[in-house]
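# Observations on the model geometry
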Amino acid sequence: WYAALVLNPRYPRLVGAISKVESELRQADSNEKLQSALDLYAQGKTDEALKALDQVLQVEPGDSRAQKLISEIRLEVANQHVAEGRRLYEARKYTQAMAEWKKATTYGYDPRAADRLVARAKDQMRREADAKKRAEEERQRREEADRRKAEEEARRLEDEKRKAEEESKRLE
């Protein structure tokens, strides 16, 4: 068809026919890639499904089905990262939780909400570090008090022993 167009570039029906066929081919290619993306998504391969959907948009940039599915998948993945972050937070794995929340923002999760979660985790890490430090200081104070008490007891026993020896020498 293109050869006929080269021979007669002003042939109006030919241009329309070529445009129609190209559009149908793009639509068929788009549908095939969309189906592939849906299959990947059904298998739980979300990252691969997103890549396939990006290919759909390269072929048909305005494909609303692909755009909607991308939005839904990105939201689902973001929510999975947030949920995993919360699970890690509850398990007191704060650094890993913060990493999950940051990943969620790459999939469209609200960065301000993620920043609040990260700030809460950092605050909790600081509180736990302070509590651990206070507990360690208290343990050291107790050990020091126990050591002093043991030394005083040893001195008292030594004094009693010495007095008993002096008393026994005096009686002799």
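The structure contained in this document is the topic of the report that follows. Keep in mind that this is a model prediction, so the values were computed, not measured.

## Side note on helix α4 (residues 64-90)
Over its 27 residues, α4 extends 39 Å from the first C-alpha to the last, a length consistent with the 39 Å expected when each residue adds 1.5 Å. Restricting attention to buried positions, one finds in α4 the residues Ala66, Leu69, Ile70, Ile73, Val77, Ala78, His81, Val82, Gly85, Leu88 and Tyr89. The N-cap of α4, judged by a side-chain oxygen 3.0 Å from the amide nitrogen of arginine 65 a few residues on, is aspartate 63. Just past α4, the residue arginine 92 takes up positive phi, approximately 65 degrees.

## What to know about the pattern of salt bridges
Here the structure, examined in full by the defined rule, presents 22 salt bridges. Between arginine 147 and glutamate 144 there is a salt bridge, and its shortest N-O distance comes to 2.1 Å. Here arginine 147 pairs with glutamate 144, and both are found in helix α6 (residues 111-171), just three residues apart, close to one helical turn. Taking the shortest distance from any N to any O, the salt bridge between arginine 148 and glutamate 144 comes out at 3.4 Å. Of the two residues, arginine 148 and glutamate 144 both sit in helix α6, four residues apart, roughly one turn of that helix. By relative accessible area, which is 45% here, arginine 148 ends up partly exposed. A relative accessible area of 26% places glutamate 144 in the partly exposed class. Bridged by salt links that share partners, the residues Glu144, Arg147, Arg148, Glu151 and Arg155 form one connected network.

Here is what the cut-offs are and how they apply
- Residues numbered from 1 in each chain as written.
- Predicted model: local features only at pLDDT ≥ 70, side-chain atom pairs only at ≥ 80, totals over all residues.
- Heavy atoms only, no water.
- Helix = DSSP H or I, 4+ residues; strand = E, 2+ residues; numbered from the N terminus.
- Expected span 1.5 Å × (residues − 1).
- Buried < 20%, exposed > 50% of the residue type's maximum accessible area, 1.4 Å probe, protein only.
- Polar contact = N/O pair within 3.5 Å; in protein donor to acceptor, adjacent residues only side chain to side chain.
- Salt bridge = Lys/Arg side-chain N within 4 Å of Asp/Glu carboxyl O.

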